[in-house]
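Structural characterization, general
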Amino acid sequence: MPRAVGAAVAVFAGLVVLVVAAVALLSVRIDGDSREPTLRDGERVLPLPAQDDGVDRFDVVLMRTPGRDVLLVKRVVALPGDRVRIVPAPKGGQRVLVQRAGAGRWYKVTVPGAAGAALPTPCCGADGRRSVSPAARTVPAGRFFFLGDHADRSDDARSYGWADLEAVSGRVWLRTWPLAGAGPVDHGVRLRPLPGP
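Residues numbered from 1 in each chain as written. Predicted model: local features only at pLDDT ≥ 70, side-chain atom pairs only at ≥ 80, totals over all residues. Heavy atoms only, no water.

With that settled, consider the state of the cysteines. Summed over all chains, the structure comprises one disulfide. With a sulfur-sulfur separation of 2.1 Å, Cys-123 is cross-linked through a disulfide to Cys-124. Its torsion about the S-S bond being 95 degrees, the disulfide of Cys-123 and Cys-124 is classed as right-handed. Note on accessibility: Cys-123 and Cys-124 belong to one class, buried. (Disulfide = S-S within 2.5 Å. Buried < 20%, exposed > 50% of the residue type's maximum accessible area, 1.4 Å probe, protein only.)

Structure, rendered in structure tokens:
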């Protein structure tokens, strides 16, 4: 009996070592503060591989920068067919607006705890970037619009334009470091309808 218990403990310890090694190898380190408050500089996250069914609105994704080979962790804000617009807020800063599927009511995108944007970046031009003549734009087929949760510190679609859905390599789902904060990543984004008919 003691030999069986010892073998079981050894197998369990081996599995724990394998899991820890896999998490360490597959996890991605967050660099910078453009995803605060959802993700912070120095944290490590574990992405799930991208699936054939694509991404959902408000997923935090691992993606390649449009036009450059830089790995980013950003939030999907608008999907193909959605309309998006960034406009000055009544009390300063900006409001990110989405019209789902390009019809019906407009919604304000709210990330609980995110710092209010102090630097207005009106958007969007025809390519999805910031523009001096912003307008509501429809996200093209096969593309998406992405932002960082800390708008003033993020290089995102306002800089790079629409991103290809194929640029997404994974969805961030688990924080692995620090251990005190380990667990599922709470996406926490809300859509608040704007007043209207």
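Moving on, we come to the confidence of the model for the protein. Detailed reading of the predicted coordinates is not advisable wherever pLDDT is low. Per-chain confidence: the protein averages 81 in pLDDT, with 79% of residues scoring 70 or above. Summarising per-element confidence for the protein, the mean pLDDT is lowest in helix α1 (residues 2-26) (53) and highest in strand β8 (residues 137-138) (96). (pLDDT = per-residue confidence, 0-100. Helix = DSSP H or I, 4+ residues; strand = E, 2+ residues; numbered from the N terminus.)

This part covers the environment of Phe-146. Examined against the element boundaries, Phe-146 turns out to sit in strand β9 (residues 143-147). Note: C-alpha distance between Phe-146 and Val-77 (69 residues apart in sequence) is 5.2 Å.

Next up on the list: the sheet that holds β8. One open sheet holds the five strands; their spatial order is β8-β5-β6-β7-β13, and the pairing between them is antiparallel. Taken across any chain shown, the strands that pair with only one partner, and hence form the sheet edges, are β8 and β13 (190-193). Pairing of strand β6 (residues 94-99) with strand β7 (residues 107-110), which is carried by two bridges, proceeds in the antiparallel orientation. Following the sheet pairing, Val-98 is matched in β7 by Tyr-107. (Pairing = 2+ DSSP bridges.)

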